[in-house]
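# Per-entry structural report
What follows is the residue order along each chain.
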Amino acid sequence: MVVTIKECIDKTDEQLVLLTLKNQEYYLCLMKRYESELLNYIMKISNGNKQDAEDILQETFIKAYQNLNDFNLSLKFSNWIFRITHNATISAFRKKKIYSQAISWEEKDLDSILQSTLDVENTNIQKLSYEHVLEIINRLPLKYKEILILKFIEDKDYRAISDILHKPMGTIATLLNRAKKAIIRELKKEGIDL
Amino acid sequence: MKNISEEVFKKIKKENIKPKSYRYFATKNYFIWFLFGISIILGSFAFSMILFMFRQLDWDIYHYLGDSFLKTVFISLPYLWLIFLILFLGVAYYNFIHTKRGYRFRFITILVTSLIISTLLGTALYFNGFSENLENVFFQKIPYYNKLIYTCENQWMQPSKGLLAGTIMEAGISKNSFSLMDFNNQHWEVNIDNTIWKGKLKTSKGLKIKLMGKMEDETHFTAIEIRPWKGQKKFTQ
């Protein structure tokens, strides 16, 4: 039985998972829901190469389909699929030994991080160029970058980040705090008065 | 833009990719919990042995040896079992964080909880005599086990430092002495002129005792205090 997108609209992710296990056609709806969000996420925590990101996403979707019975219905599907995406991305880039060096960010994403980390009214910060801020963020270790992306760009709460990164919520809070401090430290190193 | 969802969907159909069965994941999950449980139980064995080692030693004689209490503790620590306890707690932690929601708990929470369970179970095992039996098995079956741990025997077989232990072989050699064979099968003539006897002891053949006193020469020992040898089935049986 072919399933149309219309049939999926009013269904939750978790309902679609259950339906997929009975009829694989529903999986297309789930993939379409997350395709662009996950592709952006992969590109941000990887080096921004779209071709690589698409390959990782394909692998992610297949892996998620194969592991669908492992999904715990009491958790959120979005966190679960983000977790698989995160692992697949890290694994792919480890294999290629090309850890993320340059992240493709939109200006509003960088603003979002700076707003949450610093005083945006600070005129010294406002004078910073997009490239300069990007360079500073790219200097951060991956563990800080990924947490900043999930919190301020993907807008995930602590519970969701905990489920995606498989770390306790207390550790997430600590890492986020350290990531903010790391940005401030980098800005000070650049001689920017905060 | 490439339609990834459609491509993946075609691939799933073409290659007839199926989700792994629910039973596969359930079994995997149960196995992780099983390993966690086993690690906790083995940890409790290790803890019961640590407790046994500590309880069998006499902690009131360190000043007699001229050592500080800390030095005595340092010498007496059952390192082998402590290593096993740490190892099993590590394995328990590793398995727990790999359960479905294990990652939500902090390292310290998992570690302390595992330690508390192992401690409680280990204490219960100790009071059931399990650790004493286990030690006897290790003594008999594991070569060099006695070299790896500091036992009551190690503590008391230091005649030059005034500590001796063994079995009375012959009582009444004279009014104030008896013959003793220590745990290294060496014979001693023990002088008990001014000896304090701890516990309701009578000089009788076959009695296992601990002696505090002074080594006079290679075969003579003057006892200041004599205590009964408790526990340690390997010596009393």
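Residues numbered from 1 in each chain as written. Chains lettered and ligands numbered in written order. Predicted model: local features only at pLDDT ≥ 70, side-chain atom pairs only at ≥ 80, totals over all residues.

### Looking at the overall build of chain B
- Along the backbone of chain B there are nine helices and six strands.
- For chain B, the C-alpha radius of gyration of 28 Å lies well beyond 18 Å, the compact-globule estimate for 237 residues.
- Scored against the burial criterion, the 237 residues of chain B give a buried share of 26%.
- Pairs at least 24 apart in sequence give 66% of the contacts found in chain B among residues at least 6 apart. (Helix = DSSP H or I, 4+ residues; strand = E, 2+ residues; numbered from the N terminus. Rg over C-alpha atoms; globule rule 2.2 N^0.38 Å. Buried ≥ 20, exposed ≤ 12 C-beta atoms within 10 Å, placed from the backbone. Contact = placed C-beta atoms within 7 Å.)

### What to know about the packing of helix 3 (residues 26–45) of chain A against helix 5 (residues 77–95) of chain A
All names here are of chain A.
- Relative to each other, helix 3 and helix 5 sit at 35 degrees, their axes nearing to 10 Å. For the pair helix 3 and helix 5, the sense of crossing is right-handed. Residues Tyr-34, Leu-38, Tyr-41, Ile-42 and Ile-45 of helix 3 lie in contact with helix 5, whose contacting residues are Ile-81, Phe-82, Thr-85 and Thr-89.
- Partitioning the contact of helix 3 with helix 5 into residue classes produces seven nonpolar, two polar and no charged. (Axes fitted to C-alpha atoms, helices over the stretch in contact; angles between N-to-C directions. Left-handed = near helix turned anticlockwise from the far one by under 90°. Nonpolar A, V, L, I, M, F, W, Y, C, P; charged D, E, K, R; others polar.)

### Regarding the domain arrangement of chain A
Residue and element names in this part refer to chain A.
- By domain assignment, chain A separates into domain 1 (5–95) and domain 2 (107–189).
- Each of domain 1 and domain 2 has a C-alpha centre, and the two are 24 Å apart.
- Domain 1 puts nine residues into the contact, and the matching count from domain 2 is 10 residues.
- Element by element, the count of residues in the side of domain 1 that touches domain 2 is highest for helix 5, at four residues.
- Split by residue class, the side of domain 1 that touches domain 2 holds four nonpolar, two polar and three charged. (Domains from an automatic or database assignment.)

### Description of the pairing of strand 5 (residues 208–215) of chain B
All names here are of chain B.
- As judged from the seven bridges shared by strand 5 and strand 6 (residues 220–228), these two strands associate in the antiparallel manner. Looking across to strand 6, one finds that Gly-213 is bridged to Ala-223.
- Taking the residues between adjacent antiparallel strands as the criterion, strand 5 and strand 6 are bridged by four residues. (Pairing = 2+ DSSP bridges.)

### Thoughts on helix 6 (residues 107–117) of chain A
Residues and elements named next belong to chain A.
- Those residues of helix 6 that fall on the buried side of the exposure criterion are Asp-109, Leu-110, Ile-113 and Leu-114. Each buried residue of helix 6 lies within a common arc of 130 degrees when the element is viewed along its axis, so the set occupies one face. Seen from the open side of helix 6, the exposed residues pointing more than 90 degrees away from its buried face are Glu-107 and Lys-108. (Arc of directions from axis to C-beta.)

### Structural notes on the confidence of the model for chain B
All names here are of chain B.
- The predicted model of chain B has a mean per-residue pLDDT of 88, with 96% of residues at 70 or higher.
- Confidence over residues 231–237 falls short of pLDDT 50; this stretch has 13 contacts with residues more than four positions distant or in other chains.
- Interface confidence for the predicted complex, given as ipTM, is 0.82, next to a pTM of 0.81. (pLDDT = per-residue confidence, 0-100.)

### A short note on the nonpolar core
- Residues A:Ile42 and A:Leu57 are the most contacted members of the largest nonpolar core, which totals 52 residues.
- For this core, the element with the highest residue contribution is helix 3 of chain A, accounting for 13 residues.
- Mapping this core onto the domain boundaries places at least three of its residues in each of domain 1 (5–95) and domain 2 (107–189) of chain A.
- Apart from the residues within four sequence positions on either side, A:Leu57 is in contact with A:Leu38, A:Leu39, A:Ile42 and B:Ile4. (Core = buried A, V, L, I, M, F, W, Y, C linked by C-beta atoms within 7 Å.)

### Notes on the interface of chain A and chain B
- Counting residues at the interface gives 24 residues for chain A, matched by 19 residues for chain B.
- Looking at the side of chain A that touches chain B, the elements with two or more residues in it are helix 3 and helix 4 (50–66) of chain A.
- Counting residues per element, the side of chain A that touches chain B draws most heavily on helix 4 of chain A, which supplies seven residues.
- Here the residues of the side of chain A that touches chain B are counted per class, giving 10 nonpolar, nine polar and five charged.

### Structural notes on unusual backbone geometry
- Not every positive phi belongs to a glycine, and A:Asp155 is a case in point at roughly 60 degrees.
- Along the chain, A:Asp155 falls in the loop between helix 9 (142–153) and helix 10 (158–165).
- A positive phi angle, close to 65 degrees, is found at B:Asn185, a residue other than glycine.

### Overview of the domain arrangement of chain B
- Domain annotation for chain B reports domain 1 (22–148) and domain 2 (152–236).
- Centre-to-centre, using C-alpha coordinates, domain 1 of chain B lies 34 Å away from domain 2 of chain B.

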